There are 2 protein chains.
Amino acid sequence: MSDYRPIGPVVGIVGAGQLARMSQPPAIALGVELRVLANAPDESAARVIVDTRIGDYRDLDVLREFAQGCDVITFDHEHVPTEHIEALIAEGHAVHPGAAALVHAQDKAVMRERLSAIGVPCPAWARVSSAADVTAFAEQNGWPVVLKAVRGGYDGRGVWVCRDAAEVEEAMATGVPLMAEAFVPFERELAVVVARSPHGQGVSYPVVETVQQDGICVEVLAPAPGLDPEQAAQAQRIGLTIAHELGVTGLLAVELFQTSSGLVVNELAMRPHNSGHWTIEGARTSQFEQHLRAVLDLPLGSPTMTSQVVVMANLLGGDDPDLFKRYEHVLAHDPGIKLHFYGKEVRPGRKIGHVTAVGSNLDEVRARARHAAVHLMTGEYT
Amino acid sequence: MSDYRPIGPVVGIVGAGQLARMSQPPAIALGVELRVLANAPDESAARVIVDTRIGDYRDLDVLREFAQGCDVITFDHEHVPTEHIEALIAEGHAVHPGAAALVHAQDKAVMRERLSAIGVPCPAWARVSSAADVTAFAEQNGWPVVLKAVRGGYDGRGVWVCRDAAEVEEAMATGVPLMAEAFVPFERELAVVVARSPHGQGVSYPVVETVQQDGICVEVLAPAPGLDPEQAAQAQRIGLTIAHELGVTGLLAVELFQTSSGLVVNELAMRPHNSGHWTIEGARTSQFEQHLRAVLDLPLGSPTMTSQVVVMANLLGGDDPDLFKRYEHVLAHDPGIKLHFYGKEVRPGRKIGHVTAVGSNLDEVRARARHAAVHLMTGEYT
């Protein structure tokens, strides 16, 4: 890199997973130069981004060196210690989202406190530090109680649905700080991705339905089928309100429960999100381009859909590591299917890619996405 | 790169210009690993492709080393000596397009001979080695005569439109091997991009109109406005026929003149082409993804348009090198405009990027593309 001089603005992404990887195509188009902080040179994004630095994001000195020469710092994940982000900002670096906003995506108790304060619908919740606290919470809100790790959980990890005091003891035994939430009997899960720029422009993508299996998102339907337009508008308003009130800069994904009595916020993420992968082909501006534009404080792009229906299906690793030999069948079967492979070693259950189908008929589009996903994951002909 | 192990197939691209650069987004999606042979580490594609090798493509030993570990070799330009490509193929490398096909995009006389033999409409033409040859050609076909460098011309370079014997002398004085073509009084210029895979599948994109200024393409309108459907089908047939007859593997772009008496082939290129840049947003499968799929012998993708009208406008460098400060205005003015900057130093007249607009009304879409291109190039508010 010694004799290399960037031409465009440099965006540093802490973390080198698939979200950083999928940020590279819009960066290439815009002439934005990406730098990533990876744990190892063969990580997903490190394979496709020239300016890859190797280091530990928990080390402030590593972050300081990484930030030198970057116009903006942003994140592939939410694990960077809040105090390190505060230090970088204090030292004059532009970091988006900033520490004050990001903490709401890092600490679920802080998030619940703030959302409750600004009137966003949340499940009943409480900080708990003992099994007795949980039992007291259950007496008020009923069983089951959902215990969540206050920090660090994802994809169903760090979440325990406890039906009784015995199951509470099991969860408490992990020793991680927990909070309690009332179990929400939801009809389905929805998500909305919004973007907000430092100068305050906001944009919302259409509300989608996310289909989960064992706590992992397997399918996203855009727009959420049959969703009442008023409820869709409410979900978008919730997203934009949270982004504004919390001072989010960049993307904000809001996971929602749709219940018989209305919408309830489940989780927040402040980065491109699995529920927005459909936008790569399905929206005029992909969530990855949108995030870059937002953190660079450029005007945001159109979130308009490119077709009536878009379905994204995640690829989870199976037993056979050779995904490529299965390209032949799915690409020949469906010339319109779009494949995304994250360049990660295939391991059972790991998110290794996704497929996207666009069209006008939901059943048809969904069947196409499923066909491709099933064959790529299992080799089965369906 | 020492401890790095590719997961996907490796495609080596000789050359590291904007075509190789724009191949990286679909490679990232498909999990295909690109390697480029660049002249310098700051070239357009070298900025965004990790596995960049520096070397001279005219040196067979450099090409041999470059090819080690690649599953397929392809090209960003047509300047690799034919005999080097033959050597690589003889040594067992998969090279697409192969030497026997590519020579038709390298040597205009070979191209004219072959196209005439298979009945594809061409202007009258002749090999010429003296001014007397040209004068004899003019006596038969009239003035002006178009003299073309048999090898190596592009973007209007290597082409001389001679109105008389004096202008012929000037062109001959350059000393490069020339051929003569009758001047074609065309109504407009069209282009068609087709793909052909080694196993023989063919796909054609819609026919487009290319608008030229001073021999450089400034605008592409997709589909070609008002083109008679039969003539459009004929152009696609010409493209697919040439690809089949010449054994092209990968993309083939055919530039055509539309005249009062029908279509005439002007030039061929065997790689992604400026007339196909609109496909990045405008077609379900971009030409760059299509080329990768074709050279890897994967089933080809749908060339269907994503909207009724797509306009691409090239960005030529102006006096002011700072393109980025002009992003603000064009992105705020039009949330749907798509910018592509090639990461090249801005120099007057150099192709440094392009913009794309999609929509349903040609005049509107064209005005949007022009607005963005004019402001990015000149800073003018129009």
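Predicted model only: the values in this text are computed from it and were never measured.

1. A few points about the overall build of chain A
Then step 1. Per the secondary structure count, chain A includes 12 helices and 17 strands.
Then step 2. Against the 2.2 N^0.38 benchmark of 21 Å for 382 residues, chain A shows a C-alpha radius of gyration of 21 Å, consistent with a compact globule.
Then step 3. The burial tally for chain A puts 60% of its 382 residues in the buried class.
Then step 4. Expressed as a percentage of contacts within chain A between residues at least 6 apart in sequence, the contacts between residues at least 24 apart total 62%.
Then step 5. Looking at chain A as shown, the accessible area adds up to about 14500 Å², and 50% of this sits on carbon and sulfur atoms.

2. Digging into the sheet that holds strand β8 (residues 178–182) of chain B
Residue and element names in this part refer to chain B.
Then step 1. Pairing within the open sheet is antiparallel, and its 4 strands lie in the order β5-β8-β6-β7. Because the sheet does not close on itself, it has two edges, and the strands there are β5 (125–128) and β7 (159–162). Between one strand axis and the next, the sheet turns through 25° on average, direction left out of account.
Then step 2. Strand direction decides the pairing type here: strand β6 (residues 145–149) and β8, joined by 5 bridges, are antiparallel.

3. Quick word on the pairing of strand β13 (residues 250–259) of chain B
Residue and element names in this part refer to chain B.
Then step 1. Where burial is concerned, most of β13 is hidden: 9 out of the 10 residues are buried.
Then step 2. Looking at chain direction, strand β9 (residues 188–196) and β13 are connected through 9 bridges and run antiparallel. When the bridges of β13 are listed, E189 appears paired with F257.
Then step 3. Connecting β13 to the antiparallel partner strand β14 (residues 262–269) that follows it, the hairpin turn spans 2 residues.

4. What about the UniProt feature "binding site: ATP" (unreviewed entry) in chain A?
Residue and element names in this part refer to chain A.
Then step 1. UniProt records the feature "binding site: ATP" (unreviewed entry) at K108, K148, E181, A182, F183, V184, E189, N266 and E267, using the numbering of this structure.
Then step 2. Given the relative accessible area of 2%, E181 is considered buried.
Then step 3. Not counting residues within four places of it along the chain, the set of residues in contact with E181 comprises R112, P123, A124, W125, F137, V145, V146 and K148.
Then step 4. Here R112 takes part through its side chain, which lies 2.7 Å from a polar atom of the side chain of E181.

5. With respect to the packing of aromatic side chains
Residue and element names in this part refer to chain A.
Then step 1. Enumeration over the complete set of coordinates arrives at 8 aromatic pairs over all chains.
Then step 2. Ring geometry for F186 and F257: centres 4.6 Å apart, planes at 10°, overall stacked. Linking F186 in the loop between β8 (178–182) and β9 (188–196) with F257 in strand β13 (residues 250–259), this pair joins segments that are 71 residues apart in sequence.
Then step 3. Relative accessible area serves as the criterion here: at 10%, F257 is assigned to the buried category.
Then step 4. Taking 6.3 Å as the distance between ring centres and 85° as the angle between the ring planes, the aromatic pair formed by Y205 and W278 counts as edge-to-face. On the criterion of sequence distance, the pair formed by Y205 in the loop between β10 (202–204) and β11 (208–213) and W278 in the loop between β14 (262–269) and α9 (279–282) is long-range, its members being 73 residues apart.
Then step 5. Classification of Y205 as buried rests on a relative accessible area of 1%.
Then step 6. Take W278: its relative accessible area is 1%, and that puts it in the buried class.

6. Concerning the sheet that holds strand β4 (residues 72–75) of chain A
Whenever strands of a sheet pair, they do so through backbone hydrogen bonds, lying parallel or antiparallel.
Residues and elements named next belong to chain A.
Then step 1. What the 4 strands build is an open sheet, ordered β3-β2-β1-β4; its pairing is parallel. The two strands at the open ends of the sheet, each matched to only one other strand, are β3 (51–54) and β4. Neighbouring strand axes in the sheet, compared pairwise and without regard to direction, differ in orientation by 25° on average.
Then step 2. Pairing geometry for strand β1 (residues 10–14) and β4, over 4 bridges, is parallel. Its bridge partner lying in β4, V11 is registered against V72.

7. Some thoughts on the interface of chain A and chain B
Then step 1. Contacts between the two partners involve 50 residues from chain A, matched on the other side by 50 residues from chain B.
Then step 2. Between chain A and chain B, a total of about 4100 Å² is buried, with carbon and sulfur atoms accounting for 59% of that surface.
Then step 3. Put simply, chain A and chain B have 4 salt bridges between them.
Then step 4. A salt bridge links E33 of chain B to R47 of chain A; the nearest nitrogen and oxygen atoms lie 3.3 Å apart.
Then step 5. Summed over the shared surface of chain A and chain B, the number is 16 residue pairs in polar contact (both at pLDDT 80 or more).

8. Observations concerning helix α6 (residues 131–141) of chain B
Residues and elements named next belong to chain B.
Then step 1. Buried within α6 we find V134, F137 and A138. The arc enclosing the buried residues of α6, seen along the axis, measures out at 100°, which places them on a common side. Exposed side chains of α6 directed beyond 90 degrees from the buried face belong to A132, E139 and Q140.
Then step 2. The inward-facing, buried residues of α6 contact β5, β6, α7 (165–172) and β8.
Then step 3. Taken from the residues just after α6, G142 is the one with a positive phi, measuring 85°.

9. So, the pattern of salt bridges
Then step 1. Scanning the entire structure with this criterion turns up 46 salt bridges over all chains.
Then step 2. Between D56 of chain B and R58 of chain B there is a salt bridge, and its shortest N-O distance comes to 3.0 Å.
Then step 3. In this structure, K325 of chain B engages D320 of chain B in a salt bridge whose closest nitrogen and oxygen atoms are separated by 2.7 Å.
Then step 4. One connected set of salt bridges, linked through shared partners, spans K108, R112, K148, E181 and E267 of chain A.

10. A short note on the nonpolar core
Then step 1. One finds V14, I242, L252, L256 and V265 of chain A to be the most contacted residues of the largest nonpolar core, which totals 44 residues.
Then step 2. It is helix α8 (residues 229–246) of chain A that contributes the most residues to this core, 6 residues altogether.
Then step 3. Here this core spans two domains, since at least three of its residues come from each of domain 1 (10–95) and domain 3 (188–378) of chain A.
Then step 4. Not counting residues within four places of it along the chain, the set of residues in contact with I242 of chain A comprises L115, V120, G247, V248, L252, V254, V265 and L268 of chain A.
Then step 5. Listed in part, the 43 residues of the second largest apolar core include F66, V95, A105 and V207 of chain B.

11. As for the relation of the copies chain A and chain B
Then step 1. In the superposition of chain A on chain B (RMSD 0.0 Å, axial shift 0.0 Å), the rotation amounts to 180°. On the angle and the small slide along the axis, the relation comes out as a two-fold axis.
Then step 2. When the interface residues of chain A are mapped onto chain B, 100% of them again lie at the interface, so the same face is used by both copies.

12. Regarding unusual backbone geometry
All names here are of chain A.
Then step 1. Residue P223 is reached from A222 by a cis peptide bond, and omega for that bond is -10°.
Then step 2. With respect to the element layout, P223 can be found in the loop between β12 (216–222) and α8.
Then step 3. Backbone geometry at D297 places phi at a positive 60°, although glycine is not the residue there.

13. Points about the pairing of β12 of chain A
Residues and elements named next belong to chain A.
Then step 1. Of all 7 residues that make up β12, 7 are buried, and the element is covered over most of its length.
Then step 2. Pairing geometry for β11 and β12, over 5 bridges, is antiparallel. Within β12, the residue paired with Q213 across the bridge is I216.
Then step 3. Linking two consecutive strands that pair antiparallel, namely β11 and β12, is a turn of 2 residues; a positive phi of about 55° is found at D214 within it.
Then step 4. Pairing between β12 and strand β15 (residues 309–316): 4 bridges, direction antiparallel. What sits directly across from E219, in β15, is A313.

14. Comments concerning the packing of helix α3 (residues 82–90) of chain A against helix α4 (residues 99–106) of chain A
Residue and element names in this part refer to chain A.
Then step 1. As a packed pair, α3 and α4 sit with axes 10 Å apart at the nearest point and diverge in direction by 165°. Between α3 and α4, the angle is such that the two are roughly antiparallel. Our pair here, α3 against α4, has a crossing hand that is right-handed. Contacts between α3 and α4 involve T82, I85, E86 and I89 from the first element and A99, L102, V103 and Q106 from the second.

Rules behind the numbers
Along each chain, residues carry numbers from 1 onward, in the same order as the chain's sequence is written. To label them, take the chains in the order written and letter them from A, then take the ligands in the order written and number them from 1. Totals for whole chains, interfaces and linings use all residues, but because this is a predicted model, local features are given only for residues with pLDDT of at least 70 and pairs of side-chain atoms are given and counted only at 80 or more. To obtain the side-chain values, all non-hydrogen atoms of the structure were used and water was disregarded. Secondary structure elements are defined from DSSP: runs of H or I of at least 4 residues count as helices, runs of E of at least 2 residues count as strands, and each element is numbered from the N terminus. A radius of gyration in this sense is built from C-alpha atoms; the matching globule rule multiplies 2.2 Å by the number of residues raised to 0.38. Only protein chains enter the accessibility calculation, which uses a 1.4 Å probe; a residue is then buried when its area is under 20% of its type maximum, exposed when over 50%, and partly exposed in between. Should any heavy atoms of two residues lie within 4.5 Å, those residues are counted as being in contact. Only the protein chains shown count as cover for residues, and the accessible areas themselves come from Shrake-Rupley with a 1.4 Å probe. Pairing between two strands is assigned when DSSP locates at least 2 bridges connecting them. Axis angles are defined between N-to-C directions and span 0 to 180 degrees, where every axis is a line fitted to C-alpha atoms and, for a helix, only to the segment in contact. UniProt positions are given in the numbering used here, feature names are shortened, and annotations may be inferred rather than shown by experiment. Counting of polar contacts relies on pairs of N or O atoms within 3.5 Å, with two restrictions inside protein: one atom must be capable of donating a hydrogen and the other of accepting it, and residues adjacent in sequence are counted only when both atoms are side-chain atoms. Here a Phe, Tyr or Trp ring, Trp counted by its six-membered ring, pairs with any other such ring whose centre lies within 6.5 Å, and the pair is stacked when the planes are under 30 degrees apart, edge-to-face when over 60, and tilted otherwise. Two parts placed together each lose some accessible area under a 1.4 Å probe, and adding up what both lose gives the buried area. Only one rule defines a salt bridge in this text: a Lys or Arg side-chain nitrogen within 4 Å of an Asp or Glu carboxyl oxygen. Taken from the helix axis, the directions to the C-beta atoms give the arc we talk about. We call a set of buried residues a nonpolar core when its members are Ala, Val, Leu, Ile, Met, Phe, Trp, Tyr or Cys and they connect through side-chain atoms within 4.5 Å of each other. Each domain's extent was defined by an automatic or database domain assignment. We superpose the copies by least squares over the C-alpha atoms of residues that have a pLDDT of at least 70 in both of them. An angle below 35 degrees is read as roughly parallel, one above 145 as roughly antiparallel, one from 65 to 115 as roughly perpendicular, and any other as oblique. Crossings are classed by handedness, with left-handed meaning an anticlockwise turn of the near helix from the far one by less than a right angle and right-handed meaning a clockwise turn.

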